[in-house]
Amino acid sequence: MRKCIVVAIVSLFGLLFSCQPKQGSNYTLSGTVADMADGDTLYLLSGLSESTRFDTLLVRQGRFHAEGFVDEPSLCFLYNARSQAIISPFFLEPGVIDINFSSSGDGSVSGTVMNDALQALNDSVLGYGNQMSAVMTSMYGESPTKSEQQSALSRLDTLTLRKNQYLYLAAEQNITNELGYAILTYFDDDSFSREQRQSLISQLPASMRSRPRIQEMEQALTEPEGVTTLPDLRLSTSRGSNVSLMEEVGKSSYTIIDFWASWCAPGLREMPKLSRLYHRYRDHGVELIGISLDLDSNEWHRTIERTGQTWLQLSDLKGWEGGIAESLHIQAIPHTLLVDSSGKVLASGLSAEELEVYLEQVMF
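Just so it is clear, the model here is predicted, and its values are computed rather than measured.

## Here we look at the overall build of the protein
Move 1: Each helix and strand in the protein was counted, giving twelve helices and 15 strands.
Move 2: Of all intrachain contacts in the protein linking residues separated by at least 6 positions in sequence, the fraction that spans at least 24 positions is 63%.
Move 3: As presented, the protein carries roughly 17200 Å² of accessible surface, and 49% of it is formed by carbon and sulfur atoms.

Below is the structure:
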């Protein structure tokens, strides 16, 4: 199986190296977005975190179109102004870029070399996610035996390992271009070991290695691998009160802490999974607390309401500058911590699926 994956990646990303477009050329961006009305607005955003809007597109009969000039490829996003959601990551680069998405975010991007490679990456990661979800479903089938559950857990470990191997190889094959940079900075810390992350950073071109995000990563790699016990932070709730994080954690046997922000699309996509996890395990002593790195109070509250988050929400509304992320060694979001009632960190950086596997192991 791994041999087939390697051949496919090398073939695809070898093509990417040989077909890089010339710097400085025209682009055409067009496509369809289902479930949007005439006159609805799409914004073009640049950047992975606090994005910058640089163009506005109007939807007509479910279609949109834009043309322009780009100096070099960069990762951008389409943003649905009405639903306030990012619906499509893509590379803005010379050529004709075709994007077809529903307003919920499902769809595809194609037409240029880097976007074809991005779609192949997305398809593979989604494929692993679907396999992992199927295994999780089998664990809760018709009265599975202990042996069947252990087999499912082993299968999940194998799939996680294969997914991470795929991501590392894809990042390494593309480490001199924007796709490799995006993989390195987009995926959470548990996708790569510290040694793998250090190796990838060392292979970056000097211009990329000087970027603030990479400098932050390099600094983090010189520090301990994270906190072992939560600090006793006092934070504001979405209802306006002020609480102690440690006091809240002490109310339950286990607490999942979810670090997110209204501008972080991957975190918003993870919300429904965390919600299902929370409702499945809360009667077994598992609590969920959200800590937002938002700056804008209105955006924070609107997103809580829109996504239906019923669990405790905390923030100091100072984003990365507030000290929350630094005190907990959080380098990227979304990010989760699983702690016990004493505040001891049991696991860090796990997805909702991985959290469920961990909880099954420690609770039952």
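Text resumes after the structure shown.
## Concerning the pattern of salt bridges
Move 1: Counted under the stated rule, the structure contains eight salt bridges.
Move 2: A salt bridge links Glu218 to Arg209; the nearest nitrogen and oxygen atoms lie 2.8 Å apart.
Move 3: Since its relative accessible area comes to 26%, Glu218 is described here as partly exposed.

## Focus on the nonpolar core
Move 1: Ranked by internal contacts, the top residues of the largest apolar core, which has 61 residues, are Leu29, Leu42, Leu78, Phe90, Ile99 and Ile183.
Move 2: By residue number, the principal contributor to this core is helix α3 (residues 146–173), which donates nine residues.
Move 3: Ignoring any residue separated from it by four or fewer positions in sequence, one finds Ile183 in contact with Leu121, Leu167, Ala170, Ala171 and Phe192.
Move 4: The next biggest cluster of nonpolar side chains, apart from the first, holds 23 residues, and it includes Leu235, Leu245, Ala261 and Val345.

## Describing the sheet that holds strand β2 (residues 41–46)
Move 1: Overall, antiparallel pairing links the four strands, which are arranged β3-β2-β5-β6 in an open sheet. Of all strands in the sheet, those bounded by a partner on one side alone are β3 (52–58) and β6 (85–92). Across the sheet, the axes of successive neighbouring strands diverge by a mean angle of 25°, strand direction being ignored.
Move 2: Pairing of strand β5 (residues 74–80) with β6, which is carried by seven bridges, proceeds in the antiparallel orientation. Paired with Asn80 across the two strands is Ala85, which belongs to β6.

## A closer look at the packing of aromatic side chains
Each aromatic ring pair is described using two quantities: the centre-to-centre distance and the angle formed by the ring planes.
Move 1: Counted by the stated rule, this structure contains four aromatic pairs.
Move 2: Ring centres of Tyr43 and Tyr79 lie 6.1 Å apart, and the angle between their planes is 5°; on these two criteria the pair is classed as stacked. Taken together, the residues span a long stretch of sequence, with Tyr43 in strand β2 and Tyr79 in strand β5 at a distance of 36 residues.
Move 3: Among the residues examined, Tyr79 registers a relative accessible area of 19% and is labelled buried.

## Focus: the packing of helix α4 (residues 178–186) against helix α7 (residues 212–221)
Move 1: Relative to each other, α4 and α7 sit at 45°, their axes nearing to 11 Å. As far as their axial angle goes, α7 and α4 are oblique. Judged by the sense of rotation from one axis to the other, the crossing of α4 with α7 is left-handed. Contacts between α4 and α7 involve Tyr181, Leu184 and Thr185 on the former and, on the latter, Arg213, Ile214 and Met217.
Move 2: Class assignment for the residues of the contact of α4 with α7 results in four nonpolar, one polar and one charged.

The rules we used
- Every residue gets a number counted from 1 within its own chain, in the order that chain's sequence is written.
- For a predicted model such as this one, the threshold for reporting local features is a pLDDT of at least 70, and the threshold for listing and counting side-chain atom pairs is 80 or more; totals across whole chains, interfaces and linings nevertheless cover every residue.
- Here the side-chain values reflect all heavy atoms present in the structure, with hydrogen atoms and water set aside.
- Think of it this way: any DSSP run of H or I at least four residues long counts as a helix, any run of E at least two long counts as a strand, and we number them from the N terminus.
- Any pair of residues with heavy atoms lying within 4.5 Å of one another is described as a contacting pair.
- Computed with a 1.4 Å probe, the accessible areas rest on the Shrake-Rupley method; for each residue, only the protein chains presented here act as cover.
- The term salt bridge refers to a pairing of a side-chain nitrogen on Lys or Arg with a carboxyl oxygen on Asp or Glu at a separation within 4 Å.
- For every residue, the accessible area obtained with a 1.4 Å probe (protein chains only) is divided by the maximum for its type, and the residue is called buried under 20%, exposed over 50%, and partly exposed between those limits.
- Throughout this description, the term nonpolar core refers to a set of buried Ala, Val, Leu, Ile, Met, Phe, Trp, Tyr and Cys residues connected via side-chain atoms within 4.5 Å.
- Note on pairing: DSSP must find at least two bridges between two strands before they are called paired.
- Every axis corresponds to a line fitted to the C-alpha atoms, with the helix fit spanning only the stretch in contact, and the corresponding angles, defined between N-to-C directions, vary from 0 to 180 degrees.
- Centres within 6.5 Å are what make two rings of Phe, Tyr or Trp a pair, Trp counting through its six-membered ring; a difference in plane orientation under 30 degrees is then read as stacked, over 60 as edge-to-face, and the rest as tilted.
- Any angle between 65 and 115 degrees counts as roughly perpendicular, while under 35 counts as roughly parallel, over 145 as roughly antiparallel, and the rest as oblique.
- Here a crossing is taken to be left-handed if its near helix is turned anticlockwise relative to the far helix by less than a right angle, and right-handed if that turn runs clockwise.
- Residues are sorted three ways: Asp, Glu, Lys and Arg are charged, Ala, Val, Leu, Ile, Met, Phe, Trp, Tyr, Cys and Pro are nonpolar, and all the rest, Gly among them, are polar.

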